[in-house]
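# Summary of structural features
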Amino acid sequence: MTSPPPPPARRTLRRVDETSAGGLILDRLGAGSSAALIGRLDRRGRLLWSLPKGHVEPGETEPETAVREVAEETGVQGRVVGKLGVIDFWFVADGRRVHKTVHHFLLVAADPVGGLALSDEDVEVSEVAWVPLAEVGAQLAYADERRLLARVPDLLADTA
């Protein structure tokens, strides 16, 4: 009787740290506001709604990245109202073990009169929609992003 072949050698994955920023952008401050969410198709073709976000570029601060990424992915220019929180997670891609840290901010549209038209021109975005703030939690696909919504009332109260 022959013995089974030895298990294949484990390949060590290179660790990479990535930092992104983005956030929840509101059409206005106060009651009855809506938030712009982005929809992306997953590998199975399902549309998953999330907060816009992207990589921090060299020389950029996290709030600057949040403003830029929100504008690129939704078409709406915003200004930062406050910090919602940080989400970090791990995943494997392209033979790398990636530790991703995402800084999320609450933003408000900078020009609510003329600048609320949404755009899904970004190639990574399938759809963009205004969602009433009260319904955002039910729409978001990721629990970590839903947890960030708990900070919204306090940040809005600070702006009143």
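Going by the structure above, here's the rest.
In what follows, the accompanying structure is described. Position labels on residues start from 1 in each chain and follow its written sequence. With the structure being a predicted model, the display of local features is reserved for residues of pLDDT at least 70 and the display and counting of side-chain atom pairs for 80 or more, all residues being used for whole-chain, interface and lining totals. Based on all heavy atoms of the structure, the side-chain values leave hydrogens and waters out of the count.

### Regarding the packing of aromatic side chains
Defined as follows: Classification of ring pairs uses Phe, Tyr and Trp, with its six-membered ring standing for Trp, and accepts pairs whose centres are within 6.5 Å; under 30 degrees between planes counts as stacked, over 60 as edge-to-face, and the remaining range as tilted. Sitting over a ring, as applied to charges here, requires NZ of Lys or CZ of Arg to be within 6 Å of the ring centre and within 35 degrees of the ring normal.
In this structure the tally under the stated criterion is one aromatic pair. Over the aromatic face of W90 sits the side chain of R97, whose NZ or CZ is 4.3 Å from the ring centroid.

### Here's the deal with the pattern of salt bridges
Cut-off, in case you're wondering: Take a side-chain nitrogen of Lys or Arg and a carboxyl oxygen of Asp or Glu: if they are within 4 Å of each other, that pair is a salt bridge. Strands are runs of DSSP state E lasting at least 2 residues, helices are runs of H or I lasting at least 4, and numbering of each runs from the N terminus. Residue burial is assigned from relative accessible area. The probe radius is 1.4 Å, only protein chains are included, and a residue is buried under 20% of its type maximum, exposed over 50%, and partly exposed in between.
Counted according to the given criterion, the structure contains twelve salt bridges. Of the charged contacts in the structure, one is a salt bridge between E73 and R40, with a shortest N-O distance of 2.8 Å. Note that E73 is positioned in helix α1 (residues 62-74) and R40 in strand β2 (residues 34-41), a separation of 33 residues in sequence. Classification of E73 as buried rests on a relative accessible area of 1%. Residues joined in a network through salt bridges with shared partners are E60, R68, E69 and E72.

### A word on the pairing of strand β6 (residues 96-109)
The following threshold applies: Here, a strand pair is defined by DSSP locating no fewer than two bridges between the strands.
Burial analysis of β6 places 13 of its 14 residues in the buried class, the great majority of the element. Relative to β6, strand β1 (residues 14-26) runs parallel, the two sharing 13 bridges. Residue pairing across strands places L26 opposite V108, the latter belonging to β6. Strand direction decides the pairing type here: strand β5 (residues 78-93) and β6, joined by 14 bridges, are antiparallel. Along β6, the bridge assignment pairs W90 with H99. The loop that links β5 with its antiparallel partner β6 comprises two residues; one of these, D94, has a positive phi angle of about 50°.

### A word on the side chain of H104
Where we set the bar: What makes two residues a contact is simply this: any of their non-hydrogen atoms within 4.5 Å.
Tracing the chain through its elements places H104 in strand β6. Residue classification places H104 among the buried residues on the basis of a relative accessible area of 1%. When neighbours within four sequence positions are excluded, H104 is seen to be in contact with G22, G23, L51, K53, K83, L84, G85, I87, E145 and L148.

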